[in-house]
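Each chain, letter by letter, is given below.
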Amino acid sequence: MMKHCGAEKLAFSLVRVSLPFVFCGLCNTALLAQVTINGFARLTETDIPSPGMLRSTNYNGDQYNDIVVISSTSKSAFTIQGKENGGFSTLRKSSLQYTATNVSLVDPTDNTLFIASRSSKRGGIYKIKAGGELQSLEQFTWRGAPSAIASGDVNNDGTLEYYISGAGFEGISQLKKNNSRHSETKIEKLLPFSAITLADCNNDSYLDLVGYNISKQSLSMYYNNTRGELSYTRDISVTSRVKELQATDL
């Protein structure tokens, strides 16, 4: 269940830590380390051929978390199954259509990812299959360069909507499922946003959208009319430039 988040309590963060483990990806040595929080029990290392963006999920449905790494330097992704006693399985590689700029684990229950590529101006929805391979479900192409991703059930109909933006992107695009495919609607046509997120800002049980507006140097809020339609409501001035937004209930 999504927690409510008052507008005045929105916070942004550049680092996320998930208990009970911290996963550290060291790009210069391509090392993946798993370290327990409450003391050092054992250090397990797995070599990753390419630096990238790490996400944790349980894609094979067992009792151990698995890891997916989307390369930031090549058209590839790597998955590693978690094993008992903190071990990892052999690395599995999947090919992608482009080199990723950002990745969002949009649905952990269904193990789906949204991957965006700023250089190729493309993005796509991928599913991590039980064996660890990535399957492309749907692909999108834009005139601008996507880099910011947010997803959520904005109209409470049981399906996810995707929101795409970026510093080199024109406004904010909504991707809404229509039968088996997604259709695109612009909720903001021109202004660039470096980061976007979804949160219930007015406590009505519907998700709203918040984005860092580069032109205005502010957090721009787009409220939900309870039908899943988002419209601009107000700005909150921010002195520092924001690269990532994460909503939380303080």
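One numbering rule holds for all chains: residues counted from 1, following each sequence as written. In keeping with the model being predicted, local features are shown solely for residues with a pLDDT of at least 70 and side-chain atom pairs are shown and tallied solely at 80 or more, while totals for entire chains, interfaces and linings include all residues. Computation of side-chain values covers all heavy atoms of the structure but excludes hydrogens and water.

**A word on the overall build of the chain**
Stage number 1. For helices the rule is a DSSP run of H or I covering at least 4 residues; for strands it is a run of E covering at least 2, with both sets numbered from the N terminus onward. Tallying secondary structure elements over the chain gives zero helices and 19 strands in all.
Stage number 2. Only protein chains enter the accessibility calculation, which uses a 1.4 Å probe; a residue whose area is less than 20% of its type maximum is buried, one above 50% is exposed, and one in between is partly exposed. Buried positions account for 46% of the 250 residues belonging to the chain.
Stage number 3. Only heavy atoms enter the contact rule, under which two residues are in contact if any of them lie within 4.5 Å. For the chain, contacts bridging at least 24 residues in sequence account for 39% of all contacts bridging at least 6.
Stage number 4. Surface accessibility follows the Shrake-Rupley procedure with a 1.4 Å probe radius. Residue values consider only the protein chains on display as shielding. Accessible surface, the chain as shown: approximately 12,800 Å² in total, 49% of it carbon and sulfur.

**Regarding the pairing of strand β6 (residues 76-80)**
Stage number 1. Among the five residues of β6, five are classified as buried, and the element is accordingly described as predominantly covered.
Stage number 2. Covered by surrounding structure in β6 are Ser 76, Phe 78 and Ile 80 together with Ala 77 and Thr 79, the residues of both alternating faces.
Stage number 3. Note: two strands are recorded as paired if DSSP finds a minimum of 2 bridges between them. Pairing between strand β5 (residues 66-71) and β6: four bridges, direction antiparallel. Across the sheet, residue Ile 70 finds its bridge partner in β6, namely Ala 77.
Stage number 4. Count of turn residues in the β5/β6 antiparallel hairpin: four residues.
Stage number 5. With four bridges connecting them, β6 and strand β7 (residues 92-95) associate as antiparallel partners. In the sheet register, Ala 77 faces β7, and the bridge partner there is Ser 94.

**Details of the confidence of the model for the chain**
Stage number 1. Each residue carries a pLDDT score, the predictor's own confidence in it, on a scale running from 0 to 100. The predicted model of the chain has a mean per-residue pLDDT of 84, with 82% of residues at 70 or higher.
Stage number 2. Scored below 50 in pLDDT, residues 1-35 makes 85 contacts in the model with residues more than four places away or belonging to other chains.

**Remarks on the layout of surface pockets**
Stage number 1. Both cavities and pockets are sets of points on a 1 Å grid over the protein atoms alone; in a cavity a 1.4 Å probe fits but cannot get out, in a pocket the set is open with protein on both sides within 12 Å along at least five of seven lines, and lining residues sit with an atom within 4 Å of a point. Grid points are joined across faces, edges and corners, and a volume is the space filled by probe spheres set on the points. Approximately 250 Å³ is the volume attributed to the second largest pocket.
Stage number 2. Residue polarity is assigned by list, with Asp, Glu, Lys and Arg as charged and Ala, Val, Leu, Ile, Met, Phe, Trp, Tyr, Cys and Pro as nonpolar; anything else, Gly included, falls into the polar class. Residues that form the lining of the second largest pocket fall into these classes: four nonpolar, five polar and five charged.

**Let's talk about the sheet that holds strand β14 (residues 172-178)**
Stage number 1. Spatial ordering of the open sheet is given by β12-β13-β14-β15, a layout of four strands whose pairing is antiparallel. A strand with exactly one partner marks an edge of an open sheet, and here the two such strands are β12 (148-152) and β15 (181-188). Adjacent strand axes in the sheet meet at a mean angle of 25 degrees, parallel and antiparallel pairs treated alike.
Stage number 2. Sheet analysis places strand β13 (residues 161-165) next to β14, joined by three bridges and oriented antiparallel. Its bridge partner lying in β14, Tyr 162 is registered against Leu 175. Between the N-to-C directions of two axes lies an angle of 0 to 180 degrees, each axis being a line fitted to C-alpha atoms and, for a helix, fitted only over the stretch in contact.

**Here we look at the packing of aromatic side chains**
Here the distance between the centres and the angle between the planes together describe a pair of aromatic rings.
Stage number 1. Pairing of aromatic rings covers Phe, Tyr and Trp, the last counted by its six-membered ring, and requires centre-to-centre distances within 6.5 Å; plane angles under 30 degrees mean stacked, over 60 mean edge-to-face, and any other angle means tilted. Under the criterion given, the structure shown has six aromatic pairs.
Stage number 2. Aromatic side chains Phe 114 and Phe 140 sit 6.0 Å apart centroid to centroid with 15 degrees between the ring planes, which places their arrangement in the stacked category. Of the two residues, Phe 114 sits in strand β9 (residues 112-117) while Phe 140 sits in strand β11 (residues 134-141), which places them 26 residues apart along the sequence. No difference in accessibility class separates Phe 114 from Phe 140, as the two residues are buried.
Stage number 3. Between Phe 114 and Tyr 162 the ring centres are 5.4 Å apart and the planes differ by 40 degrees, which places this aromatic pair in the tilted class. Here Phe 114 is found in strand β9, whereas its partner Tyr 162 is found in strand β13, with 48 residues between them in sequence.
Stage number 4. Three or more aromatic residues joined by ring pairs make a cluster, and in this case those are Phe 114, Phe 140, Trp 142, Tyr 162 and Phe 169.

**Description of unusual backbone geometry**
Stage number 1. One non-glycine residue with positive phi stands out, namely Lys 121, at about 60 degrees.
Stage number 2. Examined against the element boundaries, Lys 121 turns out to sit in the loop between β9 and β10 (122-128).
Stage number 3. Exposure remark for Lys 121: the relative accessible area of 37% places this residue in the partly exposed category.
Stage number 4. Of note in the backbone geometry, Asn 156 takes a positive phi value of approximately 55 degrees without being a glycine.
Stage number 5. Relative to the helices and strands, Asn 156 resides in the loop between β12 and β13.
Stage number 6. Residue classification places Asn 156 among the partly exposed residues on the basis of a relative accessible area of 43%.

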